[in-house]
Number of protein chains: 4
Amino acid sequence: MNIRERLFLEVDATARSNGISRFNRFICLLIIGAVLLAVLETEQPVAETYHQMFRAAEWLLFGIFLIEYCLRVYIAPMNPLFSGKYGRLKYIFSVWSIIDLIALLPLLLTVFDGTAFYLRLARLLRILRVSKLGRFTKAWTLLWQAIAKRRYELMLSGMAALMLLLVSSTFLYVLEAAEQPEAFGSIPRALWWSVATLTTVGYGDVTPISAVGRFFAGITAVAGIGLVAMPTGILAAAFSDAFQNQESKEA
Amino acid sequence: MNIRERLFLEVDATARSNGISRFNRFICLLIIGAVLLAVLETEQPVAETYHQMFRAAEWLLFGIFLIEYCLRVYIAPMNPLFSGKYGRLKYIFSVWSIIDLIALLPLLLTVFDGTAFYLRLARLLRILRVSKLGRFTKAWTLLWQAIAKRRYELMLSGMAALMLLLVSSTFLYVLEAAEQPEAFGSIPRALWWSVATLTTVGYGDVTPISAVGRFFAGITAVAGIGLVAMPTGILAAAFSDAFQNQESKEA
Amino acid sequence: MNIRERLFLEVDATARSNGISRFNRFICLLIIGAVLLAVLETEQPVAETYHQMFRAAEWLLFGIFLIEYCLRVYIAPMNPLFSGKYGRLKYIFSVWSIIDLIALLPLLLTVFDGTAFYLRLARLLRILRVSKLGRFTKAWTLLWQAIAKRRYELMLSGMAALMLLLVSSTFLYVLEAAEQPEAFGSIPRALWWSVATLTTVGYGDVTPISAVGRFFAGITAVAGIGLVAMPTGILAAAFSDAFQNQESKEA
Amino acid sequence: MNIRERLFLEVDATARSNGISRFNRFICLLIIGAVLLAVLETEQPVAETYHQMFRAAEWLLFGIFLIEYCLRVYIAPMNPLFSGKYGRLKYIFSVWSIIDLIALLPLLLTVFDGTAFYLRLARLLRILRVSKLGRFTKAWTLLWQAIAKRRYELMLSGMAALMLLLVSSTFLYVLEAAEQPEAFGSIPRALWWSVATLTTVGYGDVTPISAVGRFFAGITAVAGIGLVAMPTGILAAAFSDAFQNQESKEA
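Residues numbered from 1 in each chain as written. Chains lettered and ligands numbered in written order. Predicted model: local features only at pLDDT ≥ 70, side-chain atom pairs only at ≥ 80, totals over all residues. Heavy atoms only, no water.

As annotated in an unreviewed UniProt entry, chain A is Ion transporter from Pseudomonas aestuarii. Per UniProt, the comment on chain A under Subcellular location (unreviewed entry) is "Membrane". (UniProt positions renumbered as here; feature names shortened; annotations may be inferred.)

**Student:** Quick question: what am I supposed to make of the interface of chain A and chain D here?
**Tutor:** A common way to express how large an interface is: the accessible area buried when the components associate. Contact residues are listed per partner, giving 39 residues for chain A and 44 residues for chain D. Of the roughly 3,600 Å² buried where chain A meets chain D, counting both sides, 72% is carbon and sulfur surface. Counting the contacts that link chain A with chain D gives three salt bridges. Lys149(D) is the salt-bridge partner of Glu247(A), the closest N and O atoms lying 2.2 Å from each other. (Contact = heavy atoms within 4.5 Å. Buried area = accessible area lost by both parts, 1.4 Å probe. Salt bridge = Lys/Arg side-chain N within 4 Å of Asp/Glu carboxyl O.)

**Student:** Teacher, can you tell me more about the UniProt feature "transmembrane region" (unreviewed entry) in chain A here?
**Tutor:** All names here are of chain A. When the UniProt feature table is mapped onto this chain numbering, "transmembrane region" (unreviewed entry) sits at residues 23-41, 53-75, 95-119, 154-175 and 215-239. End C-alpha atoms of residues 53-75 are separated by 33 Å, and the span's content is 100% helix alongside 0% strand. Summarising residues 154-175: 100% helix, 0% strand, and an end-to-end C-alpha distance of 31 Å. (Helix = DSSP H or I, 4+ residues; strand = E, 2+ residues; numbered from the N terminus.)

**Student:** Help me out: how do you make sense of the packing of helix 11 (residues 151-176) of chain B against helix 14 (residues 211-250) of chain B in this one?
**Tutor:** The axes of two packed helices give the description: the angle between them and the distance between them. Residue and element names in this part refer to chain B. The N-to-C vectors of helix 11 and helix 14 enclose an angle of 170°; their axes lie 10 Å apart at closest approach. Viewed along their axes, helix 11 and helix 14 adopt a mutual orientation that is roughly antiparallel. Residues Glu 153, Leu 154, Ser 157, Ala 161, Leu 164, Ser 168, Phe 171, Leu 172, Leu 175 and Glu 176 of helix 11 touch helix 14, and the partners they reach there are Val 212, Gly 213, Phe 216, Ala 217, Thr 220, Ala 223, Leu 227, Met 230, Pro 231, Ile 234 and Leu 235. For the contact of helix 11 with helix 14, a count of residues per class yields 15 nonpolar, four polar and two charged. (Axes fitted to C-alpha atoms, helices over the stretch in contact; angles between N-to-C directions. Parallel < 35°, antiparallel > 145°, perpendicular 65-115°, else oblique. Nonpolar A, V, L, I, M, F, W, Y, C, P; charged D, E, K, R; others polar.)

**Student:** Would you take a moment to explain the environment of Glu247(A) for this structure?
**Tutor:** When you line up the elements, Glu247(A) lands in helix 14 (residues 211-250). Leave out the neighbours within four places in its chain, and Glu247(A) touches Lys149(D), Arg150(D), Asp241(D) and Asn245(D). A polar contact of 2.2 Å, which involves the side chain of Glu247(A), links it to the side chain of Lys149(D). (Polar contact = N/O pair within 3.5 Å; in protein donor to acceptor, adjacent residues only side chain to side chain.)

**Student:** I tried to follow unusual backbone geometry on my own but got confused; where do I start?
**Tutor:** Leaving glycine aside, a negative phi is the common case for residues, and trans is the common case for peptide bonds. The residue Thr200(A) is not glycine, and still its phi comes out positive at about 60°. Mapped onto the secondary structure, Thr200(A) falls in the loop between helix 13 (187-198) and helix 14.

Below, the structure written as structure tokens:
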């Protein structure tokens, strides 16, 4: 096995049938590190104190990601998907490759105008690529197919949720608008309360104060349990189904 | 196939065995748009600034819904349910047709007194008709039958929830009434806290402050998990059951 | 069928194989009404305004429940459980009969000292008797057996929850005690926050303010999802199991 | 059966095939008591008032745990795992034995410097040993294997949760930073809100106030339901699978 073949096994995520290569694990960690840096840099005092360090890390990441990009382009033709004469070109213009390229841009842009914030977060997309690597592919396919199979049931429970949202916010608008015009003065405003209640988040920044309002709010809160229970139940049943099919196939 | 037959396939929701016709999709979008308009119009400043636009949109919706209503009456007799001599009359007085008619009223009423708010929201009911269209019918039947089959189990967990509500609010009323008469001065008042806690909404506008009160509140919060877990578990099991039956029937 | 037999079928909950008799439905409604009255009476202003009405209703309920009690004692021997010479005595001293008797006491006591609040709520226990009537028995047995069968799994997840509670409150106590002695100055105090967070209730009356405190609080909140997911998953699986067994038995 | 054999059956957790011996139950209760004491002692006023009692209880617990430790060392060689010449030594340096020893330290340390708080909580670890005793072993293995089998699915839903956290906090940071620099001025700060919302805890100490911010916050709250539903569904399906396998094996 020559170096190129070894590189292929190390770099290409689909080359190995099981496990994630050390190289890809390292890249994963780097991506997570890069995202953490981008997140931390939004905290003004931290960004100012460690300005030099952030700069240096950014350059380092740029260097490593550039090398990685070149490596991926170099070994691309060994993947049957990108073999042939124009295989490398085909790879360069594939979705994942373009995302890799975009992940390289932040530093270049910051040199010019200092704001490449969103692009820096785009690196997160690369994690998706990782999550599809090795052993995760099977799990991903399993979950995704189970969800897709029950999409109508899930959409129905989503519709029920939307209707519940609208009905409860209308009720509270009618009942509380007079007492709390700021919080319940219109249906869009009441929707804020309604979302917080039905999802059982319950911030408590706005709550009904009239007795009738609280009565309907209580009913809304109980209905919120149904809102959570329906999709959970559907997903549980769908996954149960999928796991059983998988096992009977493997047996 | 003459025009009337084509119209029937486009307009009647039950005419097609699969998919939703372009006409019904358009009506769906219109209903959603009409409801969004009604919701937005409750926000005073928006309503005043775009008064002309709201008026125009209302007339436009009225026009389209009127045409739709006439079309539905026209093609009604082609549906086996409404065939025969008095089929069209039978259709006009069917539940869904009356809902369609009610959806037409808001504008007419606003011309006279300016308040047809509730009727405007009644249009939402028409979405229900849509949700039963095409591919959703199967999902709807499946979920509904699964829930209906386990209605006694669900009702039991509902009863347990009610009892838990009453018991926890009684406890907190006894323990906290002296310290917070405003929030826990009577059982109906304590119920407000109780609902918020057991459903895990947790607004935080009223919370116990005594040590004993907090101890029982903690137990209530933990019991709240059971309150959510019971119906979720029942639904999950019921759906799992239904999905398996469906598959064994299809196989 | 003579009157006594008819009475038996109407009054005794176990006499009918299916459905709840009109008599028992009526008693159910009365119990719910009596509990609602007791709940409402704790609200001072309401109690004072409608004092006469509450008094009258209390006497009326007493009368009906007394008649019901006598009827139950009268027909008791027709139930195989209480047949024989001392059957009626045996019935009078059975658990349910004593609860029925206790439900009669509130009024008698209020005549003397005016406080029979807790006894009045004891009437709720009679609802339990109702919930075991007719069609609910099967659902109750099913749910109960499914839960009992997985009691060790549920207890384990309960233990994990307790440990999580203790660990998270210890962490927050260590991290936040200096900054918020009132809310996190001891582990029992931190437990109040911990319970509210792990159950996802989240009152928000006490929250960590230091960065490290918030970091661990975030981890606690995420762990709270597991705390909810574990018992829900166990219950769902247990119910799924029970439903399938039931169906294969019925088939 | 001589005394040593009887002691073995009483003290060693694995000696009995079913049930927990009276000795181990007593030790369990003592551990729980010791932890409760440690928890209570962090509450300053209580610790000062009952200082003598806490001291005495600590000495008592030390004495009993010391005797227990000696007993366990004494009977260790009767367990096949620790039989042979160096069996007792092997036992002394086993993980559980060292935890038992650590549980003895708190008192000794408090004599010197008065702070052995963390070690005192380490006693909790001993509960883990208990939870693996007797009937719990089977439940523990069942749950653990079911979770381990679906670890990739659970990790995937964890990754999705992390990504959702990051995306929602970035959105809110961008939308609300200008209006609420204290709460949303950087992504790490916005993460605090994000965690509270996605886990449906919803403290409400920080909430978006702009209309667009609330719109995205509402979407985040709804996505939070998915965040809870996914792992719950996976666990439910995994447990359902495990329970069925167990039953078919037992049948």
